[in-house]
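Chains, contacts and geometry: an overview
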Amino acid sequence: MQTKSLRGRDFLTLRDFTEEEINTFLDVGFDLKRRFAMGEKHSHLLEDKSLYMVFYNQSLRTRNSFESGMTQLGGHAHFLASDKIYTPAVEGEEKAYSTERVSDVARVLERYGDAIAIRMYGPPTGWVYGKANSYMEEFARWTDIPILNMECDKYHPCQALTDIMTVKEKLGQLKNKKFVMSWAYSPSYEKPLSVPQSAIIAATKMGMDVVQAQPKGFELDEEITDACAGYAEKSGGSFEVSYDMEEAFEDADVVYPKCWGSKAEFENVAQGDDSGMKKLFEENKDWKCDQEMLDIAKDDALYMHCLPADRGWEVSNEVMDGPQSVIFDEAENRMHSQKAVMSLVM
Ligand code: CP
């Protein structure tokens, strides 16, 4: 199939990219990782370019991997805390001399630099599902420079690209490896659906055998799971939904147990009522990845997590710090995969 050039493209979700294009991101990411390890300078790639990073939420990995990555590529990443600039807002949500319309912010920043990256989910949008994603699209509508999604309420494509890069690095191939994305308990429900949704998009697009596991009430966006079934069919992989963590872990090559909030209950949270969400969490405290649970998967199965992980709740210390855990390689690969994205689209 004829592919479009990657130059100038927005990076909002991996749904916008073909398997071949995702493989190009991975190839370039591995090449840049090798160059970094060998001390080979590659600062000509984005020399004198500027990336504006607008954060509405906190971050350790995303901010620092983008900043370090951009330095290594010869450019500069500007950190913009949304409450320290005139907070970018859409029509109807503006406050005089406190916010600035997204269309204006986007058109100003494109006069100075080369790409805009945005992180927005949860509290800034009152947990109304899809609203943060619509901010990404609004930025993209008003600029010709690439918009990079650093995590919204639907997608975290940088994390997902990194996840499959790490699996490929560890297992040598993606095709027909069993990848289990599972819900896990945490005392905090303030976690978007972006990581699991993007992980299953990436894994199904790349031909993995994907199992999506969660207790009743924690189903992902049906529009996305339906799309994943189609991606799996096209790529030669498979996609199944399970409501049993133990059954899902059987014969797994990769397990990714992680907490997220209930999409249905976020509708009530947005109206100020989190009692249903809290009840659902209390009922499912046994969804935890300890060594006994990990032992159900293949002996050499990988344990993955986007981090930060809630130790002692989502996962035991033994698993997180054990020999099957690849979490720090995964965190490291954030920088290499994002350098590939920036190099190709900017
Ligand atoms: N995984 C991830 O996006 O980490 P941060 O929230 O620290 O950026």
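Residues numbered from 1 in each chain as written. Predicted model: local features only at pLDDT ≥ 70, side-chain atom pairs only at ≥ 80, totals over all residues. Heavy atoms only, no water.

Attention now goes to the pattern of salt bridges. Applying the stated criterion to the full structure yields 23 salt bridges. Here glutamate 94 makes a salt bridge to arginine 101, at a shortest N to O gap of 2.7 Å. Arginine 101 sits in the partly exposed class, given a relative accessible area of 31%. Between glutamate 283 and lysine 279 there is a salt bridge, with the nearest N and O atoms lying 2.8 Å from each other. On the basis of relative accessible area, lysine 279 is assigned to the exposed category, the value being 53%. (Salt bridge = Lys/Arg side-chain N within 4 Å of Asp/Glu carboxyl O. Buried < 20%, exposed > 50% of the residue type's maximum accessible area, 1.4 Å probe, protein only.)

Before going further, it helps to spend a moment on the sheet that holds strand E10 (residues 254-258). Read from one edge of the open sheet, 5 strands run E9-E8-E7-E10-E11, paired in parallel fashion. Because the sheet does not close on itself, it has two edges, and the strands there are strand E9 (238-242) and strand E11 (302-303). Note that strand E8 (residues 209-213) and E9 share 5 bridges and pair parallel. Counted as the bridge partner of aspartate 209 is serine 238 from E9. (Pairing = 2+ DSSP bridges. Helix = DSSP H or I, 4+ residues; strand = E, 2+ residues; numbered from the N terminus.)

The next point concerns the site of the ligand. Taken together, Ser59, Leu60, Arg61, Thr62, Arg119, His156, Gln159, Cys306, Leu307 and Arg334 form the complete shell of residues around the ligand. Within the side chain of serine 59, an N or O atom sits 2.7 Å from an oxygen atom of the ligand. Here an oxygen atom of the ligand and a side-chain polar atom of histidine 156 are 2.9 Å apart. Protein burial of the ligand: of its 250 Å² of free accessible surface, 94% is covered by the chains. Its residues placed into classes, the shell around the ligand shows 3 nonpolar, 4 polar and 3 charged. (Near = heavy atom within 4 Å. Polar contact = N/O pair within 3.5 Å; in protein donor to acceptor, adjacent residues only side chain to side chain. Areas by Shrake-Rupley, 256 points an atom, 1.4 Å probe, with all protein chains shown as cover. Nonpolar A, V, L, I, M, F, W, Y, C, P; charged D, E, K, R; others polar.)

Looking now at the domain arrangement of the protein chain. By the assigned domains, the protein chain splits into domain 1 (3-154 + 334-345) and domain 2 (160-330). The gap between the C-alpha centroids of domain 1 and domain 2 is 24 Å. Every contact between the two is made by 27 residues of domain 1 and, on the other side, 35 residues of domain 2. Area buried by domain 1 at its contact with domain 2 is led by Arg15, Trp127 and Tyr129, which between them contribute 29% of it. At the junction of domain 1 and domain 2, the tally comes to 3 salt bridges. Between arginine 15 and glutamate 223 there is a salt bridge, with its nearest N and O atoms 2.8 Å apart. The tally of links from domain 1 across to domain 2 stands at 15 residue pairs in polar contact (both at pLDDT 80 or more). Elements that contribute at least two residues to the side of domain 1 that touches domain 2 include exactly helix H1 (19-37) and helix H13 (327-345). (Domains from an automatic or database assignment. Contact = heavy atoms within 4.5 Å. Buried area = accessible area lost by both parts, 1.4 Å probe.)

Another aspect to go through is unusual backbone geometry. Following leucine 307, the chain continues into proline 308 via a peptide bond in cis, with omega recorded as 0 degrees. Structurally, proline 308 can be placed in the loop between E11 and helix H12 (317-320). Although it is not a glycine, asparagine 176 adopts a positive phi angle of roughly 60 degrees. On the basis of relative accessible area, asparagine 176 is assigned to the partly exposed category, the value being 42%. Positive phi values are uncommon outside glycine, yet aspartate 251 reaches one of about 65 degrees. Relative to the helices and strands, aspartate 251 resides in the loop between helix H8 (245-249) and E10.

Here we come to the sheet that holds strand E5 (residues 115-119). The 4 strands lie next to each other as E2-E1-E5-E6, forming an open sheet whose pairing is parallel. What marks the edges here is a single partner per strand, and that holds for strand E2 (76-81) and strand E6 (147-149). The mean angle between the axes of side-by-side strands here comes to 20 degrees, regardless of whether they run parallel or antiparallel. One ladder, built from 3 bridges, connects E5 with E6; its direction is parallel. Residue pairing across strands places alanine 117 opposite leucine 148, the latter belonging to E6. (Axes fitted to C-alpha atoms, helices over the stretch in contact; angles between N-to-C directions.)

Another point: the pairing of E10. With 5 of 5 residues buried, E10 is to be regarded as a mostly interior element. Side chains Val254, Tyr256 and Lys258 of E10 all project onto a buried face; the interleaved residues Val255 and Pro257 project onto the opposite face, where all are buried too. Direction of pairing for strand E7 (residues 178-183) relative to E10: parallel, over a ladder of 5 bridges. Note that in E10 the partner of serine 182 across the bridge is proline 257.

Scanning all chains against the criterion turns up 14 aromatic pairs. With centroids separated by 6.2 Å and ring planes inclined at 75 degrees, the aromatic side chains of tyrosine 56 and tyrosine 135 adopt a geometry described as edge-to-face. On the criterion of sequence distance, the pair formed by tyrosine 56 in the loop between strand E1 (50-55) and helix H2 (61-72) and tyrosine 135 in helix H4 (residues 131-142) is long-range, its members being 79 residues apart. Note on accessibility: tyrosine 56 and tyrosine 135 belong to one class, buried. Measuring from ring centre to ring centre gives 6.2 Å for phenylalanine 179 and tyrosine 256, while their planes differ by 65 degrees; the resulting arrangement is edge-to-face. With phenylalanine 179 in strand E7 and tyrosine 256 in strand E10, the pair connects residues that are 77 residues apart, well separated along the chain. Residue class for tyrosine 256 comes out buried when judged on its relative accessible area of 0%. Among the aromatic residues, ring-to-ring pairing joins Trp183, Tyr185, Tyr189, Phe218, Phe281 and Trp287 into one connected group. The positively charged end of arginine 63 is found above the aromatic ring belonging to phenylalanine 79, 3.5 Å away from the centroid. (Phe/Tyr/Trp six-rings, centres within 6.5 Å; stacked < 30°, edge-to-face > 60°. Lys NZ or Arg CZ within 6 Å of the ring centre and 35° of its normal.)

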